[in-house]
Amino acid sequence: GPPFYAQPPGTTETGASLQYWSTLSWPNDQRSEATIHNYNSDGANDLDLWVRINVAAGTAYNATTFGPVGLIIRYDPPDFSNTAILDEFNIVIIPGDVLAFEVSGPDLRFLQNENVLASVTDTNYASGSAGFGQESDTVVTDNQISLWRGYRVFEPAVDQGSPSTYFGSPKPWWGKGRKRA
């Protein structure tokens, strides 16, 4: 059959969507990532990438795009009231782009094709679930993703210096008293 694309359930009049996975045990450092199938940048479409969602507490972080503009928002208790923690930034989204919103410790980053477009630090919330949401004021096919992924963010390895720092001078692989064939 034809491929499935996630899209809003209807236009804004019938509601936006938010999908999140609360039954999983999410690590605190997490990433919400979407591959774009279609996105109309007319300003009538929102794509939301969520991390550290805690519905019971009314808290979350959200990177949202609305048309050619992005924003990072913190949602606060008790009713998900929102505060922009990073002012608007420009973004041009084309089919095939991979957008990601990740959090590691207090550091939040919004990436497009692995290039950091925006980052901010916030220490308010340390855990929760990952997810995504979509909204369209026009037709739902103006805002489609072909793949969503949520997973743990791994910190880059810390440079431990060269091996000679810990093991003395480098030696040939064949060692003392052996001849290389």
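Rules of the game
- Residues numbered from 1 in each chain as written.
- Predicted model: local features only at pLDDT ≥ 70, side-chain atom pairs only at ≥ 80, totals over all residues.
- Heavy atoms only, no water.
- Buried < 20%, exposed > 50% of the residue type's maximum accessible area, 1.4 Å probe, protein only.
- Helix = DSSP H or I, 4+ residues; strand = E, 2+ residues; numbered from the N terminus.
- Pairing = 2+ DSSP bridges.
- Core = buried A, V, L, I, M, F, W, Y, C linked by side-chain atoms within 4.5 Å.
- Axes fitted to C-alpha atoms, helices over the stretch in contact; angles between N-to-C directions.

A. Seen up close, the pairing of strand β7 (residues 98–104). With six of seven residues buried, β7 is to be regarded as a mostly interior element. The sheet contact formed by strand β2 (residues 30–39) and β7 spans six bridges and is antiparallel. Residue alanine 34 lies in a different strand from β7, and its bridge partner there is leucine 99. Bridge count for β7 against strand β8 (residues 107–112) is six bridges, and the pairing is antiparallel. Looking at β8, one finds that alanine 100 is bridged to leucine 111. Once β7 ends, the chain turns through two residues before running back antiparallel as β8, passing glycine 105 with a positive phi of about 60°.

B. Looking closely at the nonpolar core. If you look at the biggest cluster of nonpolar residues, it comprises 27 residues, and the most contacted ones within it are Ile72 and Phe110. In this structure, Trp50, Ile53, Ala60 and Ile73 belong to the second largest nonpolar core, which totals six residues.

C. Quick peek at the sheet that holds β7. Strand order in the open sheet formed by five strands is β9-β8-β7-β2-β11, and the pairing between neighbours is antiparallel. This sheet does not close on itself; its edge strands, each paired only once, are β9 (115–121) and β11 (143–152). In this sheet, neighbouring strand axes are inclined to one another by 15° on average, regardless of whether the strands run parallel or antiparallel. As judged from the six bridges shared by β8 and β9, these two strands associate in the antiparallel manner. Counterpart to leucine 108 in the pairing with β9 is valine 120.

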